[in-house]
There are 2 protein chains.
Amino acid sequence: MAVLRGPSADQPAIDLPHAPTLADVARRAGVSPVTVSRVINTPALVTEKTKLKVQQAIADLGYVPNLLAGGLASNRSRIISFIVPGTHLLLFNETVQEIVLRMAEAGYQVLVGFGGSNDSAFNESVLSALARRPDGMILIGSAPNKVTRERLLAARIPVVEAWDSPRRPVDMAVGYSLEDMSREISEFVISSSYQRPFFCWGLGPRALAIRHGITQALVEAGRPEPGFLQYSFPGLFSDGRHAINHICELPERPDLLLCISDWIAHGALTEARYRGISVPGDLGVCGFGDQDFAAHIDPPLTTVRIDGREIGRVAAELLLARLQGREPPERSVDVGFELVRRKSA
Amino acid sequence: MAVLRGPSADQPAIDLPHAPTLADVARRAGVSPVTVSRVINTPALVTEKTKLKVQQAIADLGYVPNLLAGGLASNRSRIISFIVPGTHLLLFNETVQEIVLRMAEAGYQVLVGFGGSNDSAFNESVLSALARRPDGMILIGSAPNKVTRERLLAARIPVVEAWDSPRRPVDMAVGYSLEDMSREISEFVISSSYQRPFFCWGLGPRALAIRHGITQALVEAGRPEPGFLQYSFPGLFSDGRHAINHICELPERPDLLLCISDWIAHGALTEARYRGISVPGDLGVCGFGDQDFAAHIDPPLTTVRIDGREIGRVAAELLLARLQGREPPERSVDVGFELVRRKSA
């Protein structure tokens, strides 16, 4: 532990002749050591009154349990590793919040690592996370390659892949089907009056799969292959303004923008208004994500709703079931998605 | 460690007669054990070529270092605890990303906890984090009370309070001065032609401090006390639409909205357009945060820019200095802020 100098060398609230132990806390609170342990490790299982009493004793004595040592002794670290794509935190906010909160309620803390921008970085993140001997792991996305899969299997801990619906999950998975989504968006486009869709899209494996699925369905329906402009997922408001400027210079102007995020779609709507392009008349705009603003902008945004909070809730539930020695009812949960039709397309 | 059943009971890539050790990896990579250890713990200090060689050996053997055991032996966990306000992840995205990435580069992993919505929840989060024996801690916000301060001091680890500039940091701090900011916003309002400012604001200690500072300066300048409507920080686009509806029903309509986030301000601009309220003529709108869209919306948003990435960078730097046994040049770093004047006010 680093040595601290200066003002931080003060003393804790109450001095005992020795560093306060769990037994000291139990004595002061008038409860059993097991109860103190429960308050620390599984607070959700303790009554509010007991919790307050024990927490007061902990505060009075300045007791700090050593879960690191406890973890080694019990072979449990009470740490969950959570690998999040490096640059996409924005889209996954609700999933991250839900997982951190639910695991904390159950007495686990969450070690967050970023997956980086490629498979090799992802692999490194998984290794680095496993080295902390987590009791379980949640990934946003799928294990990208064989090495990582094998490493996860060898760790013999429960693993949840979230957002994706991999055909062969390493262990458990919760997400939505990219194929179903591609099909539903394609059907929407084909049944609409729009003739020249255009992708403002990203390049990751998930983004490519959706774009490929939609393009294939359109071509099979006798439509021309849509144009494409790449934006870093999940994209910015300014990207949408750029996209409108770009398509206005094309020889044949697209009449439908499929944007990989609501942020891009929102920027596109704003730039379209500047330029006097009527939405949805001259140009349809679709977003992705159903962010909080999507229903409130002008015109309200047609978009795809993914329930990130529900994905987080289910991921935590799957992991906790396994950590508590139960087999979850399903190993692979599809939370679905919803194509929300509003006025922008 | 939880026992895993089913398909996860597969075997790793290469079987040794024993679980692969660091020495096995060193032998296979043709380097010293110290070098392997460096690749694992401080990859930034190793050449790319050596790193790849060692990583390949690690992958081939399916080696997983046990940093938990290593942590106990060396009394270092290589874990940093990071407490983030529960519902504000959105605003702190860049700070979180920067801290997780920079600490990972230096061989540390970041345990994220949410501070919850009140001091007692915050205190619990700090306790729960300290129980994992982190090598250091970063808080967004300040240690809210004496108990938490004492607990942090007693842990004798380096602590950084970020975003705030507390007068007496527990240990180190990086942020901006709420007083300076209140003064600059007040001067802007007083020197403008707006007569009736109105706060769309939050209730946390930081939000209250700014609101109080501005109100006081306005009253001292002979202006009436501004109206106030509370929104949960950092607020949503829909809150801004609601705010416009609210002020339109007031007997004397405010002519300047001071919004606690750019999201609220953006919603307010949109609703104002619906209602034919001219911005900035009839109504000025100010945001907070200078989000990516602020410069691109219509009209471009006058707002306060806080460099969350820089705060994260400095927080990591302060912590790493102390972890490496150096005293940072400053214990309290003010990264400042900028009142960005655009067209909305």
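Novice: Can you break down the overall build of chain A residue by residue, with the values?
Specialist: Looking only at helices and strands, chain A features twelve helices and twelve strands. Buried residues in chain A amount to 57% of all 345 residues. Long-range pairs, those at least 24 residues apart, make up 70% of the contacts in chain A with a sequence separation of at least 6. With the model as given, the accessible surface of chain A reaches about 14000 Å², and the carbon-plus-sulfur share is 51%.

Novice: Please provide a residue-by-residue account of the sheet that holds strand 6 (residues 197–201) of chain B, values included.
Specialist: In sheet architecture, strand pairing relies on hydrogen bonds along the backbone and comes in two forms, parallel and antiparallel. All names here are of chain B. Pairing in this open sheet of four strands is parallel, and the strands run 7-6-8-9 from one edge to the other. A single partner strand is all that each edge strand has here, and the edge strands are strand 7 (227–230) and strand 9 (284–286). Averaged over all adjacent pairs, the angle separating strand axes in this sheet is 15°, with direction ignored. Two elements, strand 6 and strand 7, share four bridges in a ladder whose sense is parallel. Looking at strand 7, one finds that F198 is bridged to G227.

Novice: Which residues make up empty space enclosed by the protein, and what are the values?
Specialist: Enumeration over the complete set of coordinates arrives at nine cavities of 30 Å³ or more. In this structure, the largest cavity spans a volume of roughly 110 Å³. A:H266, A:L269, A:T270, A:R273, A:I297, A:D298, B:H266, B:L269, B:T270, B:R273, B:I297 and B:D298 together form the lining of the largest cavity. Sorting the residues of the lining of the largest cavity by element identifies helix 11 (262–274) of chain A together with helix 11 (262–274) of chain B as the ones contributing at least two each. Per-class residue counts for the lining of the largest cavity are four nonpolar, four polar and four charged.

Novice: Could you give an account of the packing of helix 1 (residues 22–29) of chain B against helix 3 (residues 48–61) of chain B, with specific residues and numbers?
Specialist: All names here are of chain B. At a minimum axis distance of 9 Å, the contact between helix 1 and helix 3 shows a crossing angle of 125°. The angle between helix 1 and helix 3 falls in the class oblique. Judged by the twist between their axes, the crossing of helix 1 over helix 3 is right-handed. When helix 1 is examined against helix 3, the residues D24, V25, R28 and A29 are found in contact with a partner set consisting of K53, V54, A57, I58, D60 and L61. Looking at the contact of helix 1 with helix 3 residue by residue, the class counts come to six nonpolar, no polar and four charged.

Novice: Which residues make up the domain arrangement of chain A, and what values do they have?
Specialist: Residues and elements named next belong to chain A. The domain boundaries assigned to chain A delineate domain 1 (1–65), domain 2 (75–176 + 309–335) and domain 3 (178–305). Just the C-alpha atoms count here: the centres of domain 2 and domain 3 sit 30 Å apart. With nine residues of domain 2 at the interface, the matching set in domain 3 holds ten residues. For the pairing of domain 2 and domain 3, the buried interface totals around 920 Å² over both sides, and the portion due to carbon and sulfur atoms is 59%. Across the domain 2-domain 3 interface, the total number found is zero salt bridges. At the junction of domain 2 and domain 3, the tally comes to two residue pairs in polar contact (both at pLDDT 80 or more). A class-by-class count of the residues in the side of domain 2 that touches domain 3 yields four nonpolar, two polar and three charged.

Novice: Provide a residue-level description of the pairing of strand 8 (residues 256–259) of chain B, including the pertinent values.
Specialist: Of the two faces of strand 8 of chain B, the one lined by B:L256 and B:L258 and the one lined by B:L257 and B:C259 are each fully buried. With respect to chirality, the unit in which strand 8 of chain B leads through helix 11 of chain B into the neighbouring parallel strand 9 of chain B is right-handed.

Novice: I'd love a proper account of the environment of A:P299, names of residues and values included.
Specialist: All names here are of chain A. Following the sequence through the fold, P299 ends up in the loop between strand 9 (284–286) and strand 10 (303–305). For the pair P299 and K343, spaced 44 residues apart in sequence, the C-alpha to C-alpha distance is 5.7 Å. When near neighbours in sequence (up to four residues on either side) are disregarded, P299 contacts L269, V279, K343 and S344.

Novice: Could you give an account of the sheet that holds strand 8 (residues 256–259) of chain A, with specific residues and numbers?
Specialist: Residue and element names in this part refer to chain A. Strand order in the open sheet formed by four strands is 7-6-8-9, with parallel pairing between adjacent strands. The two strands at the open ends of the sheet, each matched to only one other strand, are strand 7 (227–230) and strand 9. Each adjacent strand pair in this sheet contributes to an overall mean axis angle of 15°, direction not counted. Bridge count for strand 6 (residues 197–201) against strand 8 is four bridges, and the pairing is parallel.

Novice: I'd like to hear about the pattern of salt bridges, residue by residue, with values.
Specialist: Counted under the stated rule, the structure contains 38 salt bridges over all chains. Residue A:R102 pairs with A:E98 through a salt bridge whose shortest N-O separation is 2.8 Å. Residue A:R102 and its partner A:E98 are located together in helix 5 (residues 89–105), separated by four residues, close to a single helical turn. Relative accessible area serves as the criterion here: at 31%, A:R102 is assigned to the partly exposed category. For A:E98, a relative accessible area of 10% corresponds to the buried category. Among the salt bridges present, the one from B:R27 reaches B:D24, with a minimum N-O distance of 3.3 Å. In this pair, B:R27 and B:D24 are both assigned in helix 1, three residues apart and thus about one turn of the helix distant. Overall, the relative accessible area of 61% leaves B:R27 in the exposed class. Within the structure, one salt-bridge network assembled from shared partners comprises A:E94, A:E98, A:R102 and A:R309.

Novice: Residues and numbers for the pairing of strand 5 (residues 172–175) of chain B, please.
Specialist: Residue and element names in this part refer to chain B. Residues of strand 5 alternate between two faces, with M172 and V174 on one and A173 and G175 on the opposite face, all of them buried. Relative to strand 5, strand 4 (residues 159–163) runs parallel, the two being bridged by four bridges. Each bridged residue has a counterpart across the sheet, and for A162 the counterpart in strand 5 is V174.

Novice: Hey, could you go over the packing of aromatic side chains for me, with residue numbers and the actual values?
Specialist: Taken as a whole and judged by the stated rule, the model has ten aromatic pairs over all chains. Relative to B:W163, the ring of B:F92 lies with its centre 4.7 Å away and its plane at 80°, an arrangement referred to as edge-to-face. Note that B:F92 is positioned in the loop between strand 1 (79–84) and helix 5 (93–105) and B:W163 in strand 4, a separation of 71 residues in sequence. The pair formed by B:F92 and B:W163 is uniform in burial state, with each residue classed as buried. Aromatic pair B:F199 and B:W201: ring centres 5.3 Å apart, planes at 70°, arrangement edge-to-face. Residue B:W201 is classed as buried on the basis of its relative accessible area, which comes to 3%. By way of ring pairs, the aromatic residues A:F92, A:W163 and A:Y176 are connected into one cluster. The side chain of A:R78 reaches across the aromatic face of A:Y108, ending 4.8 Å from its centre.

Analysis parameters
By convention here, each chain's residues receive numbers from 1 onward along its written sequence. To label them, take the chains in the order written and letter them from A, then take the ligands in the order written and number them from 1. Restriction of local features to residues with pLDDT of at least 70 applies here, the model being predicted, together with a cutoff of 80 or more for giving and counting side-chain atom pairs; totals for whole chains, interfaces and linings are based on all residues. Note that water and hydrogens are dropped before the side-chain values are worked out from all heavy atoms of the structure. Helix and strand definitions follow DSSP, with helices as H or I runs of at least four residues and strands as E runs of at least two, each counted in order from the N terminus. Remark: exposure states derive from per-residue accessible area (1.4 Å probe, protein chains only) relative to the maximum for the residue type, with buried under 20%, exposed over 50%, and partly exposed in between. A contact between two residues is defined here by any heavy atoms of the two lying within 4.5 Å. Each accessible area value is a Shrake-Rupley result obtained with a 1.4 Å probe; residue values ignore everything except the protein chains displayed when judging cover. Pairing between two strands requires that DSSP report at least two bridges joining them. Interaxial angle, 0 to 180 degrees, is taken between N-to-C directions of lines fitted to C-alpha atoms, where a helix line uses only the stretch in contact. Here a cavity denotes a set of grid points, spaced 1 Å apart and computed over the protein atoms alone, in which a 1.4 Å probe fits but from which it cannot get out, and a pocket denotes an open set meeting protein on both sides within 12 Å along at least five of seven lines; residues with an atom within 4 Å of a point are reported as lining. Grid points are joined across faces, edges and corners, and a volume is the space filled by probe spheres set on the points. Each residue gets one of three labels, nonpolar for Ala, Val, Leu, Ile, Met, Phe, Trp, Tyr, Cys and Pro, charged for Asp, Glu, Lys and Arg, and polar for the others, Gly among them. Roughly parallel means an angle under 35 degrees; roughly antiparallel means over 145; roughly perpendicular covers 65 to 115; every other angle is labelled oblique. When the near helix sits turned anticlockwise from the far one by under a right angle, the crossing is termed left-handed; a clockwise turn instead gives a right-handed crossing. Boundaries of every domain are those given by an automatic assignment or by a domain database. Two parts placed together each lose some accessible area under a 1.4 Å probe, and the buried area is that loss summed for both. Whenever a carboxyl oxygen of Asp or Glu lies within 4 Å of a side-chain nitrogen of Lys or Arg, that contact is scored as a salt bridge. Throughout this description, a polar contact denotes any pair of N or O atoms lying within 3.5 Å of each other; where both atoms belong to protein, one of them has to be capable of donating a hydrogen while the other can accept it, and for residues adjacent in sequence the pair is counted only when both atoms sit in side chains. Looking down the strands as they point away from you, a crossover is right-handed if its path from the first strand over the helix to the second goes clockwise. Any two of the Phe, Tyr and Trp rings considered here, Trp counted by its six-membered ring, make a pair once their centres fall within 6.5 Å; the pair's planes then place it as stacked at under 30 degrees, edge-to-face at over 60, or tilted in between. Whether a charge lies above a ring is judged from NZ of Lys or CZ of Arg, which has to be within 6 Å of the ring centre and within 35 degrees of the ring normal.

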